Amino acid sequence: MEKISSEIALPGVAAPVQRRVSLIELIRHPGNEYRFFLSMPRDMRVLLVTNMIYAFVLPVIEIFVGAYIMRSSNDPTIVALYQLTVYAGIPLTFLVNGFLLSRVKIAYLYSFGMLLSGLSMLVMMTLENLSPAGVGVAGILMGCSFGFFWANRDYLALATTNDGNRNYYYGLETFFYTLTFILVPLAVGAYIAHAESAAWFHGDMTRAYQVVTIVVFMLTILSSAVIQREKFRTPTQPRFLYFRFHLLWKKMLGLASLKGLVQGYLVTAPAILVMRLVGNEGSLGTVQAVSGVVTAFMLYFLGRFTSPKHRILILTIGLAIFFVGTLTNGLLFSALGVIVFVLCKVLFQPLHDIAYFPIQMRVIDVVSKIEGRNEFAYIFNHEFGLFLGRLFGLGLFIVLAAYVSEEFALKYSLIVIAVMQLASIPVARHIIRECNRLDK
């Protein structure tokens, strides 16, 4: 097989290190991949290990909290309301985090975000009545946990990587995220389904969810302890609030809004569709697991062997897969259609992320250098671009479900969102060209 070149630019090294390896070599000698991982900077490795542990928490938060609300309220609009309040809490927490960064160690803020997610789940499980107000409070609290987590995770990812090794970083990270989004829903879904059929906890399924919450909290403690093993640099400039930005960054905000459009649907739609058309949470876990293992290893290979020039191709393939999934779901609107949609979603989301995040980081590298600003200023501002997209996307679902019908919203709003997502391809291509021009 032809040798594939993988270029990794390490901090302090003038030129990228050429590492030629074949796919057959990788399969025959997987131990070499561990040594390759150890060749990465220590701070990058500590961050990756922390995120790998927390990866077991995210599927529970993103999938089963929605399923729990759906089971308890049987109202898709409550699920959408919860997700909207989650997204409303994130920008606010990014703002608070920005002020705290110059006073508190970034590792402490990162740990607090992870621990707060477990606390938010605990609040949700102790609510006696899932009223809109109660769900809204739990959603805001979860949004705060996501705000602390993502604000510091994005900054640390930016600080510990460079454009040469970001494909590898995000490939490895999404490899683990994809695996956990397969294994965790499968395991938790089977546990909840068995607990219900065997009448564990005297048929009180809230207790079953509370057990899951305790496990989640223990994992957040472990991941919080790991991140403390490294001293990470914090922003040197305390100011992060700006209202005028370079034109290139404004274009990046447009791409962020397109990404935000689909995020709410990726959390709420699968749970609602599976509960309505396929079955219970056990079915949800099984459907997610069908093709995810292949996807996970594909992502690792993409991260290992691709370079910055392949990002548009990866983004295009991911968006095309998502469009096919939404179209199939809308046309069939049956258990088969949902299965195809969820499988396409399992493929699309990590492909999109492995292309999108390095593009975002590349733009921050270029624009922060031009404007001489704190990198966190762009991470903070980026969240508002995402929020505008999330607000429009979830708002569209709520309006269609309330004023047309739930079935219409589940059938067609996903297709509309997928078509709009295709605009990301020319926008991202233009942004990359501008980055290359300005960075000469």
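Computed from a predicted model, the values in this text were never measured in an experiment. (Residues numbered from 1 in each chain as written. Predicted model: local features only at pLDDT ≥ 70, side-chain atom pairs only at ≥ 80, totals over all residues. Heavy atoms only, no water.)

### As for the overall build of the protein
Consideration 1: Looking only at helices and strands, the protein features 17 helices and 2 strands.
Consideration 2: Across the 440 residues that make up the protein, the buried fraction comes to 56%.
Consideration 3: Put simply, of all contacts in the protein between residues at least 6 apart along the chain, 84% involve residues at least 24 apart.
Consideration 4: Total accessible area computed for the protein in this model is approximately 17,800 Å², and 66% of it derives from carbon and sulfur atoms. (Helix = DSSP H or I, 4+ residues; strand = E, 2+ residues; numbered from the N terminus. Buried < 20%, exposed > 50% of the residue type's maximum accessible area, 1.4 Å probe, protein only. Contact = heavy atoms within 4.5 Å. Areas by Shrake-Rupley, 256 points an atom, 1.4 Å probe, with all protein chains shown as cover.)

### Side note on the packing of aromatic side chains
Think of a pair of aromatic rings as described by two things: how far the centres are apart, and how the planes are tilted against each other in angle.
Consideration 1: Evaluated as defined, the whole model comprises 23 aromatic pairs.
Consideration 2: Residues Tyr300 and Phe301 carry aromatic rings whose centres are separated by 6.4 Å and whose planes lie at 65° to one another, so their mutual orientation is edge-to-face.
Consideration 3: The exposure class of Tyr300 is buried, given its relative accessible area of 10%.
Consideration 4: Ring centres of Phe380 and Phe384 lie 5.2 Å apart, and the angle between their planes is 80°; on these two criteria the pair is classed as edge-to-face. (Phe/Tyr/Trp six-rings, centres within 6.5 Å; stacked < 30°, edge-to-face > 60°.)

### Quick notes on the packing of helix H7 (residues 132-160) against helix H14 (residues 335-371)
Consideration 1: In contact at an axis separation of 11 Å, H7 and H14 are set at 70° when each is read in the N-to-C sense. Classified by the interaxial angle, the pair formed by H7 and H14 is roughly perpendicular. Classified by chirality, the crossing of H14 by H7 is right-handed. Residues Asp154, Ala157 and Leu158 of H7 lie in contact with H14, whose contacting residues are Met361, Ile364 and Asp365. (Axes fitted to C-alpha atoms, helices over the stretch in contact; angles between N-to-C directions. Parallel < 35°, antiparallel > 145°, perpendicular 65-115°, else oblique. Left-handed = near helix turned anticlockwise from the far one by under 90°.)

### Examining the confidence of the model for the protein
Consideration 1: The share of residues in the protein with pLDDT of 70 or more is 87%, and the mean pLDDT across the chain is 82.
Consideration 2: When pLDDT is averaged over each helix and strand of the protein, the minimum, 37, is found for strand E1 (residues 4-8) and the maximum, 94, for helix H17 (residues 424-438). (pLDDT = per-residue confidence, 0-100.)

### Let's talk about helix H16 (residues 406-421)
Consideration 1: Taking 1.5 Å of rise per residue, the 16 residues of H16 would be expected to cover 22 Å, and the 22 Å separating its terminal C-alpha atoms lies within 8% of that figure.
Consideration 2: Maximal helix bending in H16 amounts to about 30°, located at Tyr412.
Consideration 3: Residues Ala409, Leu410, Lys411, Ser413, Leu414, Ile415, Ile417, Ala418 and Gln421 constitute the buried set of H16. (Expected span 1.5 Å × (residues − 1). Bend = angle between axes of the 7 residues up to and from the residue.)

### Focus on the pattern of salt bridges
A side chain of one charge can pair with a side chain of the opposite charge when the charged atoms of the two come close.
Consideration 1: On inspection of all chains with the given rule, the structure shows 12 salt bridges.
Consideration 2: For Glu230, the salt bridge identified is with Arg42, shortest N-O distance 2.6 Å. A residue pair is termed long-range when its members are at least 10 positions apart, and Glu230 in the loop between helix H9 (205-227) and helix H10 (247-278) and Arg42 in helix H3 (residues 42-54) qualify at 188 residues.
Consideration 3: The buried category is assigned to Glu230, whose relative accessible area is 16%.
Consideration 4: Arg42 sits in the partly exposed class, given a relative accessible area of 42%.
Consideration 5: What emerges from the salt-bridge pattern is a single network uniting Arg153, Asp154 and Glu173. (Salt bridge = Lys/Arg side-chain N within 4 Å of Asp/Glu carboxyl O.)

### Brief notes about a nonpolar patch on the surface
Consideration 1: Together, Val399, Tyr403, Val404, Phe408 and Tyr412 give the surface a local cluster of nonpolar side chains, amounting to about 530 Å² of exposed area.
Consideration 2: Those elements that place two or more of their residues in the nonpolar patch are helix H15 (375-403) and H16.
Consideration 3: Tracing the sequence through the fold places Tyr403 in helix H15. (Patch = residues over 30% accessible without salt bridge, like charges linked within 9 Å, V, L, I, M, F, W, Y side chains within 5 Å.)

### As for unusual backbone geometry
Consideration 1: For Phe333, which is not glycine, the phi torsion reads 45° and is therefore positive.
Consideration 2: As for its placement among the helices and strands, Phe333 is situated in the loop between helix H13 (311-332) and H14.

### Observations regarding the environment of Ser117
Consideration 1: Relative to the assigned elements, Ser117 resides in helix H6 (residues 106-126).
Consideration 2: Considering only alpha carbons, one finds Ser117 and Phe149, 32 residues apart in sequence, at a separation of 9.0 Å.
Consideration 3: Contacts of Ser117, omitting those with residues within four sequence positions, involve Tyr54, Val57, Ile61, Met142, Ser145 and Thr220.

### A closer look at the nonpolar core
Consideration 1: Residues Ile69 and Trp249 are the most contacted members of the largest nonpolar core, which totals 133 residues.
Consideration 2: At 17 residues, the largest contribution of residues to this core is made by H14.
Consideration 3: When near neighbours in sequence (up to four residues on either side) are disregarded, Trp249 contacts Val363, Ile364, Val367, Tyr378, Asn381 and His382. (Core = buried A, V, L, I, M, F, W, Y, C linked by side-chain atoms within 4.5 Å.)

### Here's the deal with the packing of H7 against helix H8 (residues 166-197)
When two helices pack together, their arrangement is given by the angle between the helix axes and the distance between those axes.
Consideration 1: The N-to-C vectors of H7 and H8 enclose an angle of 140°; their axes lie 11 Å apart at closest approach. For the pair H7 and H8, contact is made by Phe149, Arg153, Ala157 and Leu158 and by Arg166, Tyr169, Tyr170, Glu173 and Tyr177, respectively.
Consideration 2: A breakdown of the residues in the contact of H7 with H8 according to their chemical character gives 6 nonpolar, no polar and 3 charged. (Nonpolar A, V, L, I, M, F, W, Y, C, P; charged D, E, K, R; others polar.)

### Notes on the side chain of Glu173
Consideration 1: Looking at the secondary structure, you find Glu173 in helix H8.
Consideration 2: Sequence-distant contacts of Glu173, defined by excluding residues within four places in its chain, comprise Leu48, Asn51 and Arg153.

### Brief notes about the environment of Val46
Consideration 1: The residue Val46 is located in helix H3 in this model.
Consideration 2: Given a relative accessible area of 9%, Val46 falls into the buried group.
Consideration 3: Separated by 182 residues in sequence, Val46 and Gln228 place their C-alpha atoms 9.0 Å apart.
Consideration 4: Val46 has contacts with Val226, Ile227, Glu230 and Phe232, leaving out every residue within four places of it along the chain.

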